[in-house]
Amino acid sequence: MPLVDIPGSKSVTARALFLAAAADGVTTLVRPLRSDDTEGFAEGLARLGYRVGRTPDTWQVDGRPQGPALPEAEVYCRDGATTARFLPTLAAAGHGSYRFDASEQMRRRPLAPLTRALRDLGVDLRHEAAEGHHPLRIEAAGVEGGEVTLDAGQSSQYLTALLMLGPLTRKGLRIRVTDLVSAPYVEITIAMMRSFGVEVAREGDVLVVPSGGYRATTYAVEPDASTASYFFAAAAVTGREVTVPGLGRDALQGDLGFVDVLRRMGAQVEVGADRTSVRGTGGLRGLTVAMRDISDTMPTLAAIAPFADGPVRIEDVANTRVKECDRLDACAENLRRLGIEVATGDDWIEIRPGTPAPAEIRTYGDHRIVMSFAVAGLRTPGISFDDPGCVKKTFPGFHESFGELAAGWGIPFGGA
């Protein structure tokens, strides 16, 4: 059975970098993800004056509970949503003048619920162009803390940023959440904060975060469950088998729940203590599934949906419209390019069974569109991409790794 070595989780690596920078002492991160997003995050920390040391398999971060070492800095967040949302929040806890900007793609993505909450906490924050978007400037003087209300219906990253800020405030935080998408990502945050010495409490819809700071540690980054979804889907759609070590019953990431969707479609799934295996059974069933909590895997399911024996309807994924691109529309457009019948609504997509024809996939610079439709390419030779290299955002070696898997199965793959 092929074993696939999946790179470290982007979500876990970004949180670990924030927590390490905020902790008292030197933290070692084991097997962090090395990609454009995480390198951008580490570069942003360095711009703020944090020391980040690198070896091939570890990063070491000198924590500064008092905030950035430099009194002034400009940080370019590239395409990274975690960088663009977490680093301004970290800088707000310090003292100095900090400017943040990002790529055109990231400038289009919303920040308003987070920056509104930071302002409600007394942070001097100004958007320099469009309100609620990058670029922005923070005149930081520490954060007192207290109670704040947050709408996290567009992105759970807003809530994660405030949760991680809480221990750096003078009084702690009480965060009242009015809406929440991708809830499992918040559970990742809370579990990781616990590993750095902070316990988050719940009082109904209020999350209570104590002051007092973080404790440095050694932290192992688990493989990326969203990235693993492409390899699990590949096995399901080709009738082959694959095992991903490092992701098992105790995995932090909710996106491992994608294998339950594949199980409902007829694949055989085994989740062990420290690994997960998926075996295709020669067919896939249509289904209706709500993917609000695992929406990063929506494109993966959309790309294999034409090979099911009935319609595949994916619901409650409105937040996928404000990712690197409007993923719901991008999936629909590309499926139609392949000759597949698709219908969409504000928060749903329904895909009819069909036989995809070769076509060039329009990627919109979105890594997940490329990796998802690469899976379809295992059953449809001739699929190509207008920007295959955008996978560098989370998995620079994706095409090579995916090609090796396909070759091991005896399947031609020319997805790059």
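Description of the structure in this document. Everything quoted here is computed from the prediction, not taken from an experiment.

## Digging into the nonpolar core
Next up, step 1: Counting residues in each nonpolar core, the largest one holds 73 residues, and the members touching the most others are F100, L162, L163, I175 and Y214.
Next up, step 2: The biggest single contributor to this core is helix 1 (residues 10-22), with nine residues.
Next up, step 3: Not counting residues up to four positions away in its chain, the partners in contact with I175 are V148, L150, L159, L162, L163, D205, V206, L207 and V209.
Next up, step 4: With 72 residues, the next largest nonpolar core counts V261, M371, F398 and F402 among its residues.

## As for helix 3 (residues 81-92)
Next up, step 1: An ideal rise of 1.5 Å per residue puts 16 Å on 12 residues; helix 3 measures up with 17 Å between its terminal C-alpha atoms.
Next up, step 2: Of all 12 residues in helix 3, 12 are buried, a share of seventy percent or more.
Next up, step 3: Where helix 3 is concerned, the buried positions are A81, T82, T83, A84, R85, F86, L87, P88, T89, L90, A91 and A92.

## Topic: the sheet that holds strand 12 (residues 206-209)
Next up, step 1: Across the sheet, which stays open at both edges, the four strands sit in the order 9-10-12-11 with mixed pairing between neighbours. Strand pairing shows two members of the sheet lacking a second neighbour, strand 9 (146-152) and strand 11 (201-203), which therefore form its edges. Along the sheet, successive strands turn relative to each other by an average axial angle of 30°, direction set aside.
Next up, step 2: As judged from the seven bridges shared by strand 9 and strand 10 (residues 173-180), these two strands associate in the parallel manner. Residue pairing for strand 10: D151 is matched across the bridge by D179.

## As for the pattern of salt bridges
Next up, step 1: What the rule picks out here adds up to 38 salt bridges.
Next up, step 2: Its salt-bridge partner being R202, residue E187 comes within 2.4 Å of it at the nearest N-O pair. Of the two residues, E187 is situated in helix 7 (residues 183-195) and R202 in strand 11; the sequence distance between them amounts to 15 residues.
Next up, step 3: On the basis of relative accessible area, E187 is assigned to the partly exposed category, the value being 39%.

## Notes on the side chain of D37
Next up, step 1: Inspection of the secondary structure assignment puts D37 in helix 2 (residues 36-47).
Next up, step 2: Residue D37 is classed as buried on the basis of its relative accessible area of 3%.
Next up, step 3: In terms of polar contacts, D37 uses its side chain to reach the side chain of K393, at 2.9 Å.
Next up, step 4: Dropping the residues within four chain positions of it, D37 is found in contact with K10, D79, G80, T83 and K393.

## Topic: the packing of helix 1 against helix 3
Next up, step 1: Packing of helix 1 against helix 3 leaves a shortest axis separation of 10 Å and a crossing angle of 15°. Judged on the interaxial angle alone, helix 3 and helix 1 are roughly parallel. Note that helix 1 runs across helix 3; the crossing there is right-handed. Taking contact as the criterion, the partners of A14, R15, F18, A21 and A22 in helix 1 are, on helix 3, T82, F86 and L90.
Next up, step 2: Of the residues belonging to the contact of helix 1 with helix 3, the class tally is six nonpolar, one polar and one charged.

## With respect to empty space enclosed by the protein
Next up, step 1: Scanning the model with the defined rule gives one cavity of 30 Å³ or more in all.
Next up, step 2: Taken as a whole, the largest cavity spans an internal volume of roughly 250 Å³.
Next up, step 3: Lining the largest cavity are 22 residues; nearest its centre among them are K10, R109, Q157, D296 and K323.
Next up, step 4: When its residues are assigned to classes, the lining of the largest cavity shows four nonpolar, nine polar and nine charged.

## Considering the sheet that holds strand 19 (residues 312-315)
Next up, step 1: Reading across the sheet, the four strands line up as 18-19-21-20 and stay open at both edges, with mixed pairing between neighbours. The two strands at the open ends of the sheet, each matched to only one other strand, are strand 18 (287-290) and strand 20 (342-344). Across the sheet, the mean angle from the axis of one strand to that of its neighbour is 10°, orientation sign disregarded.
Next up, step 2: Judged from the three bridges that link them, strand 20 and strand 21 (residues 349-351) form a sheet pairing that is antiparallel. Bridging from a neighbouring strand, T344 pairs with I349 of strand 21.
Next up, step 3: Most of the contacts of helix 11 (residues 327-337) go to strand 20, to which it runs at about 160°, and overall it touches strand 20 and strand 21.

Each value, and the rule that gives it
Residues numbered from 1 in each chain as written. Predicted model: local features only at pLDDT ≥ 70, side-chain atom pairs only at ≥ 80, totals over all residues. Heavy atoms only, no water. Core = buried A, V, L, I, M, F, W, Y, C linked by side-chain atoms within 4.5 Å. Buried < 20%, exposed > 50% of the residue type's maximum accessible area, 1.4 Å probe, protein only. Helix = DSSP H or I, 4+ residues; strand = E, 2+ residues; numbered from the N terminus. Contact = heavy atoms within 4.5 Å. Expected span 1.5 Å × (residues − 1). Pairing = 2+ DSSP bridges. Axes fitted to C-alpha atoms, helices over the stretch in contact; angles between N-to-C directions. Salt bridge = Lys/Arg side-chain N within 4 Å of Asp/Glu carboxyl O. Polar contact = N/O pair within 3.5 Å; in protein donor to acceptor, adjacent residues only side chain to side chain. Parallel < 35°, antiparallel > 145°, perpendicular 65-115°, else oblique. Left-handed = near helix turned anticlockwise from the far one by under 90°. Nonpolar A, V, L, I, M, F, W, Y, C, P; charged D, E, K, R; others polar. 1 Å grid on protein atoms, 1.4 Å probe; cavity = no way out; pocket = protein on both sides within 12 Å on 5 of 7 lines; lining within 4 Å. Points joined across faces, edges and corners; volume = space filled by probe spheres on them.

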